[in-house]
Amino acid sequence: MLKVTLLTLFPEMFPGPLGLSLAGKALNKKIWECEVINIRDFGLTKHKNVDAPACGGGNGLIIRPDVLGEAIESALKNNPDAEIYYPSPRGKTFDQSMARALSGKKNIIILCGRFEGIDERIIEEYNVKQISIGDYVLSGGEIAALAILDSVVRLLPGVLANQETLKEESFENKIDDMLLIEHPLYTKPTEWRGRKVPEVLLSGNHQSVKEWKTKKSIEITKIRQQDK
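A short tour of the structure in this document, coming up. (Residues numbered from 1 in each chain as written. Predicted model: local features only at pLDDT ≥ 70, side-chain atom pairs only at ≥ 80, totals over all residues. Heavy atoms only, no water.)

## Let's talk about the sheet that holds strand β7 (residues 129-132)
Paired through their backbone hydrogen bonds, the strands of a sheet run either parallel or antiparallel. Across the sheet, which stays open at both edges, the five strands sit in the order β2-β1-β6-β5-β7 with parallel pairing between neighbours. One side of each edge strand has no neighbouring strand; the edge strands of this open sheet are β2 (32-38) and β7. The mean inter-strand angle of the sheet, taken between neighbouring strand axes irrespective of direction, is 35°. Here strand β5 (residues 83-93) pairs with strand β6 (residues 107-111) via three bridges, running parallel. When the sheet's bridge partners are listed, Y85 is paired in β6 with I110. The sheet contacts of helix α3 (residues 96-103) involve β1 (2-8), β5, β6 and β7, and relative to β5 the element is tilted by about 175°. The strands that helix α5 (residues 142-153) touches are β1, β2, β5, β6 and β7; relative to β1, the one it contacts most, it runs at about 175°. (Pairing = 2+ DSSP bridges. Helix = DSSP H or I, 4+ residues; strand = E, 2+ residues; numbered from the N terminus. Axes fitted to C-alpha atoms, helices over the stretch in contact; angles between N-to-C directions. Contact = heavy atoms within 4.5 Å.)

Here it is as structure tokens:
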């Protein structure tokens, strides 16, 4: 079982969509566990302050290391060997290989930042691994954490009824060091608004179907590479 501990200022955002569909069913089956810790519970004074202005000036506020450190220590009490991840534009771009690696972990902690970010000393003290889900800015790390976990949870054994479907998905197959994007998908009816399902997919010739899927995957992947 994968145990995920989330540190956040907005605990009500979890499990959110992860409590529905495949991830939600897996949560109920205890294939994975979701623990949520409210950072504000460790805030200072009666107002539970968690932030302060940046040293050296600048706009925005920073989450204090003394507050966040206490929250992390609380999370580590029951998960002493857990690795800590922090969604951040500075991080390594999240991809399918990273999702696969995380799905093999037993305990992970995801730290959801807010405001302008967290004090750098937290990253140094706890060897926090930073992950980016793209070159854009969100209001906080919660949505990024949800995206990361959705990708990870579906890879856990027992989540998908048919694990074989994972083998044909985007970024799971490689040709000439090129990670392929999935081929176009079709279902019934065989004709809709004048558009027909490609004949090869109806032929029953498994080899021809396989060749068509590979060809289309390569074409789509090359187009996407050109668009980057």
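## Regarding α3
Buried within α3 we find Q96, M98, A99, L102 and S103. Buried residues of α3 fall within an arc of 160° about the axis and therefore sit on the same side. If you follow the buried residues of α3, they end up packed against β1, β5, β6, β7 and α5. (Buried < 20%, exposed > 50% of the residue type's maximum accessible area, 1.4 Å probe, protein only. Arc of directions from axis to C-beta.)

## Digging into the pairing of β5
What joins β5 to β6 is α3, and the crossover it makes is right-handed. Two elements, β5 and β7, share five bridges in a ladder whose sense is parallel. Paired with P87 across the two strands is I131, which belongs to β7. (Right-handed = clockwise from strand over helix to strand, strands pointing away.)

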